[in-house]
Amino acid sequence: MARGLACLSVLCLVVACTSPAVDPAHEGRGRITFVDSEDLSTDRQIKQLVDQWNESAGRIDQVNYVPMPTPTDAYRAQLMARAQDLAGARGDVRSQCYDVVTLDAVSTAEFAEAGYLAPLSPAEFGADRFMPAALESSTVDEELWAVPWRADVGVLYYRSDVLAAEGRGWPSTWGELEEMAATIAPEHRLNGYVGQLGQYEGLTVNALEAVWAHGGDADEFGGPGARAGVGMLARGIERGWIPRAALAYDETASLTEFMEGRALFMRNWPYARSQLEASPLKGRFGMAALPGSGALGGWNVAVSRCSAHQATARKFIAFLTGDDSQRVLLERAGYPPTLHALYREPDLNGRQPHLGVLRTAVENARNRPPSAHYDEVSRVIQRALHSALRNPASLDAELGRLDADVAKALSGR
Ligand code: GLC
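Predicted model, so just to flag it, every value in this text is computed and none were measured. (Residues numbered from 1 in each chain as written. Predicted model: local features only at pLDDT ≥ 70, side-chain atom pairs only at ≥ 80, totals over all residues. Heavy atoms only, no water.)

Checked against the element boundaries, Glu 201 lands in helix α8 (residues 201–213). A polar contact of 2.5 Å, which involves the side chain of Glu 201, links it to the side chain of Tyr 374. Looking at Glu 201, its side chain comes within polar contact range of the side chain of Ser 378, at 2.6 Å. Sequence-distant contacts of Glu 201, defined by excluding residues within four places in its chain, comprise Thr 72, Asp 73, Val 106, Arg 368, Tyr 374, Ser 378 and Gln 382. (Helix = DSSP H or I, 4+ residues; strand = E, 2+ residues; numbered from the N terminus. Polar contact = N/O pair within 3.5 Å; in protein donor to acceptor, adjacent residues only side chain to side chain. Contact = heavy atoms within 4.5 Å.)

Turning next to unusual backbone geometry. Of note in the backbone geometry, Asp 43 takes a positive phi value of approximately 60° without being a glycine. Within the fold, Asp 43 resides in the loop between β1 (32–36) and α2 (45–56). Take Asp 43: its relative accessible area is 62%, and that puts it in the exposed class. Positive phi is not limited to glycine here, since Arg 44 has a value of about 50°. Classification of Arg 44 by relative accessible area gives partly exposed; the value is 43%. (Buried < 20%, exposed > 50% of the residue type's maximum accessible area, 1.4 Å probe, protein only.)

On to empty space enclosed by the protein. Applying the stated criterion to the full structure yields three cavities of 30 Å³ or more. Roughly 310 Å³ of volume is contained in the largest cavity. The wall of the largest cavity is formed by 22 residues, among which Leu 40, Asp 152, Glu 251, Trp 269 and Trp 299 lie closest to the centre. Listed by contribution, the elements that provide at least two residues to the lining of the largest cavity are β6 (147–153), α8 and β11 (296–303). In this structure, the second largest cavity spans a volume of roughly 90 Å³. Lining the second largest cavity are Thr 72, Asp 73, Arg 76, Val 106, Ser 107, Glu 110, Glu 201, Tyr 374, Asp 375, Ser 378 and Gln 382. Going through the elements one at a time, α3 (72–88) and α16 (374–390) are the ones with two or more residues in the lining of the second largest cavity. (1 Å grid on protein atoms, 1.4 Å probe; cavity = no way out; pocket = protein on both sides within 12 Å on 5 of 7 lines; lining within 4 Å. Points joined across faces, edges and corners; volume = space filled by probe spheres on them.)

Another aspect to go through is the sheet that holds strand β10 (residues 286–289). Taken in spatial order, the four strands make up an open sheet running β8-β9-β7-β10, and their pairing is mixed. Strands at the two margins of the open sheet, each flanked by one partner only, are β8 (191–194) and β10. Along the sheet, successive strands turn relative to each other by an average axial angle of 20°, direction set aside. The pairing of β8 with strand β9 (residues 263–268) spans three bridges and is parallel. In the strand pairing of β9, Tyr 193 is matched with Phe 265. Sitting on the sheet, helix α7 (residues 174–187) is in contact with β7 (155–158), β8 and β9, with an inclination near 145° to β9. (Pairing = 2+ DSSP bridges. Axes fitted to C-alpha atoms, helices over the stretch in contact; angles between N-to-C directions.)

Within β1, five of the five residues are buried, which leaves it mostly tucked inside the rest of the structure. On β1, burial covers both faces: Ile 32, Phe 34 and Asp 36 on one face and Thr 33 and Val 35 on the other are all buried. The sheet contact formed by β1 and strand β2 (residues 63–67) spans five bridges and is parallel. Bridge pairing in β2 links Val 35 to Val 66. Relative to strand β3 (residues 100–104), β1 runs parallel, the two being bridged by two bridges. By the bridge assignment for β3, Phe 34 is matched with Val 100.

Bringing the side chain of Ser 304 into the picture now. Looking at the secondary structure, you find Ser 304 in the loop between β11 and α12 (310–321). With residues up to four places along the chain from it excluded, the contact list for Ser 304 reads Cys 97, Tyr 98, Asp 99, Val 101, Tyr 116, Leu 117, Ala 118 and Gln 310.

Moving on, we come to the environment of Leu 355. Relative to the helices and strands, Leu 355 is located in helix α15 (residues 355–364). Given a relative accessible area of 0%, Leu 355 falls into the buried group. Taking the C-alpha atoms as reference points, Leu 355 and Thr 70, separated by 285 residues in sequence, lie 28 Å from one another. Non-local contacts of Leu 355, meaning those with residues more than four positions away in its chain, are made with Leu 330, Leu 342, Tyr 343, Leu 348 and Asn 349.

The next point concerns the site of the ligand. What surrounds the ligand is the set Thr 72, Asp 104, Asp 152, Tyr 200, Glu 201, Gly 202, Glu 251, Trp 269, Gly 297, Gly 298, Trp 299 and Arg 368. Between the ligand and Asp 152, the relevant distance is 2.6 Å, taken from an oxygen atom to a side-chain nitrogen or oxygen of the residue. One nitrogen or oxygen atom from the main chain of Gly 298 is found 2.9 Å from an oxygen atom belonging to the ligand. In the complex, the protein chains occlude 93% of the 310 Å² of accessible area that the ligand would expose alone. Spatially, the ligand is embedded in the largest cavity. Secondary-structure elements contributing two or more residues to the shell around the ligand are α8 and β11. When residues of the shell around the ligand are assigned to their parent elements, the largest contribution, three residues, is made by β11. Its residues placed into classes, the shell around the ligand shows three nonpolar, four polar and five charged. (Near = heavy atom within 4 Å. Areas by Shrake-Rupley, 256 points an atom, 1.4 Å probe, with all protein chains shown as cover. Sits in = over half its atoms within 2 Å of the grid points. Nonpolar A, V, L, I, M, F, W, Y, C, P; charged D, E, K, R; others polar.)

So, on to α8. With 13 residues, α8 ought to run about 18 Å at 1.5 Å a step, and its terminal C-alpha atoms sit 19 Å apart, in line with that. Within α8, 12 of the 13 residues are buried, which leaves it mostly tucked inside the rest of the structure. Among all positions of α8, only Glu 201, Gly 202, Leu 203, Thr 204, Val 205, Asn 206, Ala 207, Leu 208, Glu 209, Ala 210, Val 211 and Trp 212 are buried. Lining the buried residues of α8 we find α3, α7, β8, α9 (224–239), β9 and α16. At the C-terminal side of α8, Gly 215 shows a positive phi close to 85°. (Expected span 1.5 Å × (residues − 1).)

Now the structure itself:
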């Protein structure tokens with residue numbers, strides 16, 4: 001009898017060890033916390049979406065919305081610190097978990113590889129409806145870790161009134177842009193060109209766009225394309241068609257400069273168009289694809305592994321990333337959709353005539369180098385390029401060192 005019982009318990013142990021661990025949190029429902037980055041939209045469209053969810057969801061599935069008004073690098077650092085703290089904490093910390101998190105397309109792989117996200121089923125979210133490039137940023141080792149929510153792509157804004165007065169169209173090459181920024185802008189007492197050249201992720205994006213347009217890439221900063229692309233930005237600052245103050249600009253600061261009528265050209269993301277439409281510059285600006293490829297940006301939404309209410313989290317993500325929410329975000333906030341069918345919807349194109357420009361820009365956009373170490377890679381690029389732009393005499397030396405530093409960061413050393 002005793003032997004029989006002993007065998008039974010051994011058997012139980014073996015069964016318990018080998019049957020797949022079913023995390024009860026997977027089907028858990030209950031109140032969740034949703035953390036998102038800076039909401040740059042007019043009239044806080046993200047909050048409005050969350051309010052809409054809370055009004056129609058039952059008492060159980062309510063969402064507590066926590067916006068973090070910081071640029072992407074600082075936002076990533078805050079989320080990472082929190083995830084690390086909770087992973088190392090003793091006891092049940094689930095009530096402190098950020099159940100649903102929005103992640104920059106370039107940070108998603110890092111959070112997935114660190115084990116902070118719950119894997120998602122592609123079938124549950126109809127993954128094949130999303131733009132392949134956006135889906136790529138949510139996928140690691142063929143597993144889906146987040147759902148693409150808002151796409152983003154670098155675009156060019158120009159003062160249509162000024163260009164019309166000069167009988168010129170918007171520039172289709174950087175050479176033309178430089179010439180117009182250097183000659184036309186001063187005649188109209190304007191700065192030539194503003195972008196996001198502060199030492200943060202925006203600089204990596206802006207520099208890569210310039211580098212790509214000159215035939216270079218992120219793995220060949222020592223080559224002629226990077227020299228020409230970064231050299232053009234450095235020359236702009238030296239000669240004054242890019243104001244020196246742009247070395248501290250992020251998205252908001254550059255938009256203020258353009259919106260308040262002080263710049264001829266601006267590189268920014270599509271959300272800026274909605275803001276400009278609601279500003280005194282309405283009717284006096286245009287938006288076009290950048291000369292060369294824009295960087296593909298964007299934001300994905302993920303379920304945190306620490307969440308006790310993952311069923312609610314997934315339902316909420318399906319709502320955020322669904323057709324209706326994406327249409328609203330495009331029409332009211334200017335955020336480009338990640339669902340590719342929306343770009344071809346006749347009604348939406350009729351109401352949003354600039355959707356064609358966005359479609360072309362998104363189709364031609366390029367990804368920053370995907371990596372679980374992206375944050376460090378970008379930091380290395382930012383440090384070198386900001387220093388080169390501040391002091392153009394150091395440009396060759398900075399670029400010469402950069403490939404080795406990027407390779408080291410990519411390898412996680
Ligand atoms: C935008 C983009 C994001 C990018 C960031 C840089 O938010 O969507 O991908 O990293 O700008 O500032």
